[in-house]
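This is what each chain is made of:
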Amino acid sequence: MGTPIIVEQKFNIPMGELWTIISDPYLMRQWFFAEIPDFKAEVGFQTRFNVNAGVRDFMHLWEIVEVEHEAKIVYDWRYEGYIGNGLVTFELVTQDNGCLLRVVSEGMDSFPQEIPEFSRESCEGGWTYFIKQSLVKFVTKAE
C-alpha cells in the first residue's frame, strides 16, 4: 500500500459524544454522507449506498472490520464495479479537555488511477472537507 492519507482534528467535546457523532447513522447523514442507509459500529456490519459525483456514480461498499468502543472504527472500503480495496480508520484519542480524531485512509492507490475521484489529491481533499470542515461545523453547531 502507498502512503496513507491522515487527517487529524481536535474537538473540545468528550470522547463519548464524538463517538456518537461518528457512529450514529442519523448524525452521520448530517456531516458525512446523506445517502448512508444505516450504520452500526459492529464488526461484520455491511452497508452500501450510491454517491453521485456529477460525472459518475460510486456505489460505496463498506464493511466494519474492527471496533474498539469509543476509540476506533475500521472500515473495509470498496466501490462496486471498480478494482481496489481501501481501509479507513477513525481513531479517537483523549487530548487535553477534549479528544483528537485521526482518520487514516489506506489503499486508495489500489483503485484505478485514471479516474480523477480516486487520485490522492481528490481523496485528501475529500477527507479534509469531511473532517476539518463538515464535521467541525456540525460539532460547533451542536455545542
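Residues numbered from 1 in each chain as written. Predicted model: local features only at pLDDT ≥ 70, side-chain atom pairs only at ≥ 80, totals over all residues. Heavy atoms only, no water.

**Structural notes on the overall build of the chain**
Across its full length, the chain carries three helices and six strands. Reading the chain from its N terminus to its C terminus gives the helix and strand order β-α-α-β-β-β-β-β-α. Taken against the 2.2 N^0.38 rule, which gives 15 Å for 143 residues, the C-alpha radius of gyration of the chain at 15 Å falls within 12% of a compact globule. Across its three principal axes, the chain shows a C-alpha extent of roughly 45 × 25 × 25 Å. Across the 143 residues in the chain, those meeting the buried criterion constitute 43%. Pairs at least 24 apart in sequence give 51% of the contacts found in the chain among residues at least 6 apart. (Helix = DSSP H or I, 4+ residues; strand = E, 2+ residues; numbered from the N terminus. Rg over C-alpha atoms; globule rule 2.2 N^0.38 Å. Buried < 20%, exposed > 50% of the residue type's maximum accessible area, 1.4 Å probe, protein only. Contact = heavy atoms within 4.5 Å.)

**Concerning the sheet that holds strand S2 (residues 46–52)**
Ordered in space as S1-S6-S5-S4-S3-S2, the six strands form an open sheet in which the pairing is antiparallel. Two strands bound the open sheet, and with one partner strand each, they are strand S1 (5–11) and S2. Between one strand axis and the next, the sheet turns by 20 degrees as a mean value, whatever way the strands run. Two strands pair when backbone bridges link them, and S1 and strand S6 (residues 98–106) are joined in this way by seven bridges, in the antiparallel orientation. Across the sheet, residue Val7 finds its bridge partner in S6, namely Val103. (Pairing = 2+ DSSP bridges. Axes fitted to C-alpha atoms, helices over the stretch in contact; angles between N-to-C directions.)

**Some details on the environment of Glu124**
With respect to the helices and strands, Glu124 occurs in helix H3 (residues 120–142). Given a relative accessible area of 32%, Glu124 falls into the partly exposed group. Spatially, the C-alpha atom of Glu124 lies 23 Å from that of Phe39, the residues being 85 residues apart in sequence.

**Some thoughts on the pattern of salt bridges**
Pairing is possible between side chains that carry opposite charge, provided their charged atoms lie close to one another. Throughout the structure, instances matching the rule amount to nine salt bridges. Arg56 is the salt-bridge partner of Glu117, the closest N and O atoms lying 2.6 Å from each other. Here the residue Glu117 occupies a position in the loop between S6 and H3, and Arg56 occupies one in the loop between S2 and strand S3 (57–68), the gap between them amounting to 61 residues. In this structure Glu117 comes out as partly exposed when scored by relative accessible area, which is 21%. With a relative accessible area of 26%, Arg56 lands in the partly exposed category. One salt bridge connects Arg102 with Glu91, and the closest N-O pair in it is separated by 3.5 Å. With Arg102 in strand S6 and Glu91 in strand S5 (residues 86–95), this residue pair connects regions lying 11 residues apart in the sequence. Overall, the relative accessible area of 23% leaves Arg102 in the partly exposed class. A single salt-bridge network, built from bridges that share partners, covers Glu8, Glu91 and Arg102. (Salt bridge = Lys/Arg side-chain N within 4 Å of Asp/Glu carboxyl O.)

**Topic: the pairing of S5**
Relative to S5, strand S4 (residues 72–79) runs antiparallel, the two being bridged by six bridges. Looking at S5, one finds that Ile73 is bridged to Phe90. Bridge analysis of S5 against S6 gives nine bridges, and the strand direction is antiparallel. By the bridge assignment, Leu92 is partnered in S6 with Leu101. Between S5 and S6, which follow one another and run antiparallel, lie two residues, and Asp96 among them has a positive phi close to 50 degrees.

These figures come from the coordinates and say nothing about function on their own.
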